[in-house]
2 protein chains.
Amino acid sequence: MTTPAPRPTDTMRYTREELTAEEIAAEQALFGPLAGATRELVEAVVRTEVDAEEVRAVTAQVESLVARLRARQMPGPFGVRFTAEGTVRGHGNAVVGLRNAVAPPLEVQRDTEQRRAWAEVVLGAQYEGPPGLVHGGVSALLLDQMAGEAASAGGRPGMTGTLTLTYRRGTPLGPVRIECWIDRVEGVKTFVTGHISDDEGPTVHCEGIFILPRWAREARAGEPLGDVLG
Amino acid sequence: MTTPAPRPTDTMRYTREELTAEEIAAEQALFGPLAGATRELVEAVVRTEVDAEEVRAVTAQVESLVARLRARQMPGPFGVRFTAEGTVRGHGNAVVGLRNAVAPPLEVQRDTEQRRAWAEVVLGAQYEGPPGLVHGGVSALLLDQMAGEAASAGGRPGMTGTLTLTYRRGTPLGPVRIECWIDRVEGVKTFVTGHISDDEGPTVHCEGIFILPRWAREARAGEPLGDVLG
């Protein structure tokens, strides 16, 4: 994804890393399938009914794969890495991270003119809360990310200030759509609204306030923010 | 965990299943380690730096383990199952589920007199949002569950109606504490408040309104709700 590259002076630990487009594509071709298989494993662990002996055998196998992957690993989390061309890689992100099997992951679509972002995804058994329904907190997790994506799509990247979720009815596990857009802008605050929906309409509504970080404010020094946004 | 067993008449698909305490303990001893190893795998996939050939070999192994677990599996999500003794098993739950590698999982502590619930957990690389920080949506996910646990602990189980998160500062990955309590009760609404904190204090504050479901209302027909809660 390409968003305005954060400044190295930011207080958060963004990392600059020079990679070619080919190297980035190769990384995706390598880690996409590994994370995809791991996502399947997570879901299979919830739903399996194989006998106890087989569960124990698989457990031992998973443990040995962990040891193989940990034979060489980064000292901490993946972080967020960017190149001079503005490609941002948040591969550890809990909602959109290529390498992260906690993430569905969402493949975010953006409309910068409409200052809108959306994604469609099928939520499996590992996202359950009430029986057969998406966990209310999972809806919050997805909406937080998508509200932030909408803010970014509209040229107003930021950290979540507040987020309010209103649950209208249960969201069945299965295919859902998450869609958020910028409602209005007031100074450093961006007001984003949106919802998660199934094929019968919205189930959870969200309103978020995102705060423009200092590096983005400095980038626009002297320009009225409303004008920058058009 | 023991909470009031939902009535079979509930609109949600709770399942009644008769299991002895020994069978439940055996299930935990079997699936706890499998999900634990899978959680480790999720984190290792984010952080590994082994070479491409090894990544591909591990991917093939994970795929074969998925096939073994799927050789016999339940047709849908785990659901929420309860016994006549009131033991509730939500093993697929995205926050507290024993079998769920998306869940940290939280081990919930409860104080029914104080109508309070809390948990301590170490959040690894798979819960990242901004670099080095817990994803804002993950904080929302954990707080939604714990707010619901506090409502239940106070004898007021319910579905989330609204949830408002206020982000005061970033939450570093690592050890966190999530704590929620009932603030007040108004008819079928239970107002819960709480926060997630690191060792320097709260980072994200939450306020939730939980709605008492019909089965719980019927169980108390004729009794003033305030009295039931003491």
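Our subject is the structure listed above.
Keep in mind that this is a model prediction, so the values were computed, not measured. (Residues numbered from 1 in each chain as written. Chains lettered and ligands numbered in written order. Predicted model: local features only at pLDDT ≥ 70, side-chain atom pairs only at ≥ 80, totals over all residues. Heavy atoms only, no water.)

1. Quick word on the side chain of Thr 203 of chain A
Residues and elements named next belong to chain A. Defined as follows: Counting from the N terminus, the helices are the DSSP runs of H or I reaching at least four residues and the strands are the DSSP runs of E reaching at least two. Type-normalised accessible area, obtained with a 1.4 Å probe on protein chains alone, sets the label of each residue: buried when under 20%, exposed when over 50%, and partly exposed for intermediate values. Under this definition, polar contacts are N or O atom pairs within 3.5 Å; protein pairs additionally need one hydrogen-donor-capable and one acceptor-capable atom, and for neighbouring residues in sequence, both atoms have to be side-chain atoms.
Within the secondary structure layout, Thr 203 lies in strand S9 (residues 201-211). Looking at Thr 203, the relative accessible area reads 0%, which means it is buried. Within polar-contact distance, the side chain of Thr 203 engages the side chain of Thr 171 at 2.7 Å.

2. A look at the packing of helix H2 (residues 52-69) of chain A against helix H1 (residues 21-47) of chain B
Rule in force here: Axis definition: a line fitted to C-alpha atoms, limited for helices to the stretch in contact. Angles are taken between N-to-C directions and run from 0 to 180 degrees. Oblique is the label for any angle not under 35 degrees, not over 145, and not in the 65 to 115 range, which are roughly parallel, roughly antiparallel and roughly perpendicular in turn. Handedness of each helix crossing follows the sense of rotation of the near helix against the far helix: counterclockwise by less than a right angle gives left-handed, clockwise gives right-handed. Contacts between residues were defined by any pair of non-hydrogen atoms, one from each residue, lying within 4.5 Å. Gly falls in the polar group here, along with every residue not listed as nonpolar (Ala, Val, Leu, Ile, Met, Phe, Trp, Tyr, Cys, Pro) or charged (Asp, Glu, Lys, Arg).
Closest axis-to-axis distance for the H2 of chain A/H1 of chain B pair is 9 Å, and the angle between their directions is 25°. By the angle between their axes, H2 of chain A is roughly parallel relative to H1 of chain B. As for the relative orientation of H2 of chain A and H1 of chain B, their crossing is left-handed in sense. On H1 of chain B, the residues touching Ala 52, Val 55, Arg 56, Val 58, Thr 59, Val 62, Glu 63, Leu 65, Val 66 and Leu 69 of chain A of H2 of chain A are Leu 30, Phe 31, Pro 33, Leu 34, Ala 37, Thr 38, Glu 40, Leu 41, Ala 44 and Val 45 of chain B. When the residues that make up the contact of H2 of chain A with H1 of chain B are grouped by side-chain class, the tally is 15 nonpolar, two polar and three charged.

3. A word on the sheet that holds strand S4 (residues 109-111) of chain A
So the rule is basically this: Should DSSP find at least two bridges between two strands, the strands are regarded as paired.
Ordered in space as S4(A)-S5(A)-S7(A)-S8(A)-S9(A)-S6(A)-S6(B)-S9(B)-S8(B)-S7(B)-S5(B)-S4(B), the twelve strands form an open sheet in which the pairing is antiparallel. Edge positions in the open sheet fall to S4 of chain A together with strand S4 (109-111) of chain B, since each of these has one partner strand only. Along the sheet, successive strands turn relative to each other by an average axial angle of 20°, direction set aside. Pairing analysis gives nine bridges linking strand S7 (residues 174-186) of chain A to strand S8 (residues 189-198) of chain A, with the strands arranged antiparallel. Across the sheet, the residue bridging to Val 185 of chain A is Thr 190 of chain A, located in S8 of chain A. The sheet strands contacting helix H3 (residues 136-153) of chain A are S4, strand S5 (116-123), strand S6 (159-167), S7, S8 and S9 of chain A together with strand S6 (159-167) of chain B, and the helix crosses S7 of chain A at an angle near 45°.

4. Some thoughts on the nonpolar core
What counts is decided by this rule: Here, the term nonpolar core denotes a set of buried Ala, Val, Leu, Ile, Met, Phe, Trp, Tyr and Cys residues that are joined through side-chain atoms within 4.5 Å.
Ranked by size, the top nonpolar core spans 72 residues in total, and within it Leu 106, Leu 165 and Ile 178 of chain A together with Leu 106, Leu 165 and Ile 178 of chain B carry the most contacts. With residues up to four places along the chain from it excluded, the contact list for Leu 165 of chain A reads Ala 140, Leu 143, Val 204, His 205 and Cys 206 of chain A together with Gly 161, Thr 162, Leu 163 and Leu 165 of chain B.

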